[in-house]
Amino acid sequence: ADSQFGHIFAHGTTREEARKALMLSLRNIDVVGTIRNPVEYLVELLGMNSFIGNTIDTSWLDGLIKAKSVAVKYDKLDVVFYAAVFRAMTSLKSKDAEILSSLGRGQ
């Protein structure tokens, strides 16, 4: 199955203008749903010196993946916040299930 869900293009009078327009577009894109997407990863790739200098070839991305040299950076406080929200939602769902079960038994 192909995981590709779309294409995005950018243009400018120079390659650098197009690259910056693409980065801006990716930073402002919202993907709604429970699908994984590579937007942050693509922004990181577009900001790499080798991409900016256009010194890449067809094996460039394969080499980065193999070396695991590109990682999306997350703010630690954001990670803590989303983990807390996840735990709270999990707890609420559990409590909801308990309440519904009790109501089903007439309690």
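Attention in this report is confined to the structure presented alongside it.

Quick notes on the rules
- Residues numbered from 1 in each chain as written.
- Predicted model: local features only at pLDDT ≥ 70, side-chain atom pairs only at ≥ 80, totals over all residues.
- Heavy atoms only, no water.
- Patch = residues over 30% accessible without salt bridge, like charges linked within 9 Å, V, L, I, M, F, W, Y side chains within 5 Å.
- Areas by Shrake-Rupley, 256 points an atom, 1.4 Å probe, with all protein chains shown as cover.
- Salt bridge = Lys/Arg side-chain N within 4 Å of Asp/Glu carboxyl O.
- Helix = DSSP H or I, 4+ residues; strand = E, 2+ residues; numbered from the N terminus.
- Buried < 20%, exposed > 50% of the residue type's maximum accessible area, 1.4 Å probe, protein only.
- Core = buried A, V, L, I, M, F, W, Y, C linked by side-chain atoms within 4.5 Å.
- Contact = heavy atoms within 4.5 Å.
- Phe/Tyr/Trp six-rings, centres within 6.5 Å; stacked < 30°, edge-to-face > 60°.
- Arc of directions from axis to C-beta.

1. Digging into a nonpolar patch on the surface
Argument step 1. On the surface, Phe81, Tyr82, Val85, Met89 and Leu92 cluster together into a nonpolar patch covering about 510 Å² of accessible area.
Argument step 2. Looking at the secondary structure, you find phenylalanine 81 in helix H5 (residues 76–104).
Argument step 3. Among the residues examined, phenylalanine 81 registers a relative accessible area of 47% and is labelled partly exposed.

2. A few points about the nonpolar core
Argument step 1. Counting residues in hydrophobic clusters, the biggest one holds eleven residues: Leu22, Met23, Leu26, Val39, Val43, Leu45, Leu46, Phe51, Trp60, Leu64 and Val70.
Argument step 2. Taken together, the elements giving at least two residues each to this core come down to helix H1 (15–27), helix H2 (39–46) and helix H4 (60–67).
Argument step 3. Counting residues per element, this core draws most heavily on H2, which supplies four residues.
Argument step 4. For methionine 23, the residues in contact, after removing those within four places along its chain, are Val43, Leu46 and Gly47.

3. Some thoughts on the packing of aromatic side chains
Argument step 1. Going through the model one piece at a time under the given rule, you end up with two aromatic pairs.
Argument step 2. Judged by centre distance (6.0 Å) and plane angle (40°), the rings of phenylalanine 51 and tryptophan 60 are tilted. Neither residue differs from the other here; phenylalanine 51 and tryptophan 60 are each classed as buried.
Argument step 3. Here phenylalanine 81 and tyrosine 82 contribute two aromatic rings whose centre-to-centre distance is 5.2 Å and whose plane-to-plane angle is 70°, an arrangement assigned as edge-to-face.

4. Digging into H2
Argument step 1. Within the sequence span of H2, burial applies to Val39, Val43, Leu45 and Leu46. Buried residues of H2 fall within an arc of 160° about the axis and therefore sit on the same side.
Argument step 2. Lining the buried residues of H2 we find H1, helix H3 (49–52) and H4.

5. As for the pattern of salt bridges
Argument step 1. Applying the stated criterion across every chain, the model contains two salt bridges.
Argument step 2. The residue arginine 19 makes a salt bridge to glutamate 16 at a minimum N-O spacing of 2.6 Å. Residue arginine 19 and its partner glutamate 16 are both found in helix H1; the two are separated by three residues, about one turn of the helix.
Argument step 3. A salt bridge links lysine 20 to glutamate 16; the nearest nitrogen and oxygen atoms lie 3.9 Å apart. A residue pair is termed a helical-turn pair when its members lie 3 or 4 positions apart in one helix, as lysine 20 and glutamate 16 do in helix H1 at four residues.
Argument step 4. On the basis of relative accessible area, lysine 20 is assigned to the exposed category, the value being 51%.
Argument step 5. Judged by relative accessible area, glutamate 16 falls into the partly exposed class, the value being 28%.
Argument step 6. Taken together, the salt bridges that share partners define one network made up of Glu16, Arg19 and Lys20.

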